[in-house]
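# A closer look at the structure
Here's the letter readout for the chains.
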Amino acid sequence: MRRPALPQWAGTLAAKAALFITVMCCALAALLGVLVHVQVTDQTVGQARELALDRLADATEAYEAGDPLFPGSGIDPPGLPASLRALAVGGDRGTVVAEHRGRPVMWAAGPVDHGRTIAVHVDYAQQARTIEALDSAILWSSALAIGATLLVGAFAVTRVTRRLHATAQVARRISGGDLDARVDDPRTRDPDRPQDEVAAVAAALDSMASSLQSKLLAEQRFTADVAHELRTPLTGLHAAAELLPPGRPTELVRDRVAALRTLTEDLLEISRLDTGRERLDVDSEELGALAERVVRASGTRTEVVVVRDARVETDRRRLERVLGNLVANAHRHGRGPVVVTVDGPSVTVRDHGDGYPEYLVAHGPQRFRTEGGAKGHGLGLTIAVGQAEVLGARLTFANAADGGAVARLTLPVEAPAVDGG
């Protein structure tokens, strides 16, 4: 059974903390209010009861001595509560608070001769007003205390959540490729300063980003160095292969040399993309015609469907590189028919093979990684993603519901910025 979905605010730390503080303050205020109310009420009622019983004793002495009763006392007076009258008839004394002539009074009654009842009443209005004022003061002070505590608690929690949000934002920037992003929490700068849990998380994130950046830079330098070092011997090897006599062995050597040169050029292109200093040569291009040129240049049987043509401001050479790699990958790793669809600023390349691997759909292409016995080095899609980023475009990978891999390139409506450096 699925749990009901909670509203979005219910999952935030600030909302949970505010709710917890409010509930605890209300519970504490209610407990203290009840204790104070009970204590003061018992004390007030006790004093009124003692006064009423003292007057009842005086009235009883006066009645037994044959003296006239003082005002507020009498034999079987009207208005005496029935429960207190029954108690007195039974031979006991008692008190009770009740209304008499529209005013609260404290009744005290006891037995006299012939089954009659002697009773007195003491005004209880002042005590009732005191208790009512006390209850009102408890309510107002409790509300004020709850509000002040909630504000202070919200301020304290907001400071923590703001730091957590900043840490999460930096983590998202790092996952998006900005390895220079750092939290740089002030509490982590001084090692002698006590650090809380948020500062510890921020320090760990900064350390992880620095380590990741160092490893990635080392990998990029290694890739660039290897590609540059291979260029010179490959040039000599290519020249030597051209001097070999015609024949099948010569064709195999030239084919392998060409493949190695292509790999080296791909590595150099990746190293240039890694530096982030690529320059754009922006011009106005029609996507439909450009897709047709890419397909013709690929020499493959690829269908081009123009649903809605569009003219975009982009770098033609880089866009042709992206589409060419996508078409080549569709033919190399998928099955026909391969269809290139132009729909406005979006270009989709689809094959009808087994689809992309799960890791590629979830995390994007990874260099030198292929699965399922596929041939290649996994660089074509990596280059396509890098060139798409330079163009300011968005390249996504998915699998069609009825089978086949789908790569969708969405170009920006506005022209990408040209790096003049």
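Keep in mind the model is a prediction, meaning the values are calculated, not measured.

## Let's talk about the packing of aromatic side chains
Inspection of every chain in the model, using the stated rule, returns 1 aromatic pair. Between Tyr356 and Phe397, the ring centres sit 5.4 Å apart and the planes meet at 85°, which makes this aromatic pair edge-to-face. Of the two residues, Tyr356 sits in the loop between β9 (346–350) and α8 (358–363) while Phe397 sits in strand β10 (residues 394–399), which places them 41 residues apart along the sequence. Phe397 shares its class with Tyr356; the two are buried.

## Observations concerning the nonpolar core
In terms of nonpolar packing, the biggest core is built from 32 residues, with Leu319, Leu323, Leu326, Val340, Phe397 and Leu409 touching the most fellow members. For this core, the secondary structure elements donating two or more residues are α6 (287–298), α7 (316–333), β8 (338–343), β9, α8, α9 (380–391), β10 and β11 (405–410). Element by element, the count of residues in this core is highest for α7, at 6 residues. Not counting the four nearest positions on each side in its chain, Leu319 is found in contact with Leu287, Leu290, Thr314, Leu391, Leu409 and Leu411.

## With respect to the side chain of Asn325
Here Asn325 lies in helix α7. Classification of Asn325 by relative accessible area gives buried; the value is 12%. Setting aside chain neighbours within four positions, we find Asn325 in contact with Gly380, Ile383 and Ala384.

## Notes on α6
Counted at 1.5 Å a residue, the expected span for α6 with its 12 residues is 16 Å, and the 16 Å between its end C-alpha atoms agrees. When we look at burial in α6, the residues that qualify are Leu287, Gly288, Leu290, Ala291, Val294 and Val295. Axial view of α6: buried residues confined to an arc of 165°, hence all on one face. Facing away from the buried side of α6, by more than 90 degrees, are the exposed residues Arg296 and Ala297.

## Some remarks on the sheet that holds strand β1 (residues 73–75)
What the 4 strands build is an open sheet, ordered β1-β4-β3-β2; its pairing is antiparallel. Every other strand in the sheet has two partners, leaving β1 and β2 (94–100) as the edge strands with one partner each. Direction aside, the axes of adjacent strands within the sheet are offset by 30° on average. As paired strands, β1 and strand β4 (residues 117–123) are joined by 3 bridges and run antiparallel to one another. Each bridged residue has a counterpart across the sheet, and for Ser73 the counterpart in β4 is Val120. Sitting on the sheet, helix α2 (residues 82–89) touches β2, β3 (103–111) and β4, and the angle it makes with β3 is about 15°.

Cut-offs used in this document
- Here, residues in each chain are numbered from 1, in the same order as that chain's written sequence.
- At least 70 in pLDDT is required for a residue's local features to be given in this predicted model, at least 80 for side-chain atom pairs to be given and counted, and no such filter applies to totals for whole chains, interfaces and linings, which use all residues.
- Each side-chain value is worked out from all heavy atoms of the structure, with water and hydrogens disregarded.
- In this analysis, rings of Phe, Tyr and Trp, with Trp reduced to its six-membered ring, are considered paired at centre separations within 6.5 Å, and the interplanar angle assigns stacked below 30 degrees, edge-to-face beyond 60, and tilted for intermediate values.
- Secondary structure elements are taken from DSSP: a helix is a run of H or I of four residues or more, a strand is a run of E of two residues or more, and numbering for both begins at the N terminus.
- Each residue is placed in one exposure class: buried if its accessible area under a 1.4 Å probe, protein chains only, is under 20% of its type's maximum, exposed if it is over 50%, and partly exposed if it falls in between.
- Here, nonpolar core refers to any group of buried Ala, Val, Leu, Ile, Met, Phe, Trp, Tyr and Cys residues whose side-chain atoms link them within 4.5 Å.
- Here, residues are in contact when the closest pair of their heavy atoms is within 4.5 Å.
- Multiplying 1.5 Å by the residue count of a helix minus one yields the expected span of that helix.
- Each direction from the helix axis to a C-beta atom contributes to the arc, which is the arc of those directions.
- Two strands qualify as a pair provided DSSP detects at least 2 bridges between them.
- Note on method: axes are straight lines fitted to C-alpha atoms, helices fitted across the in-contact stretch only, with angles between N-to-C directions ranging 0 to 180 degrees.

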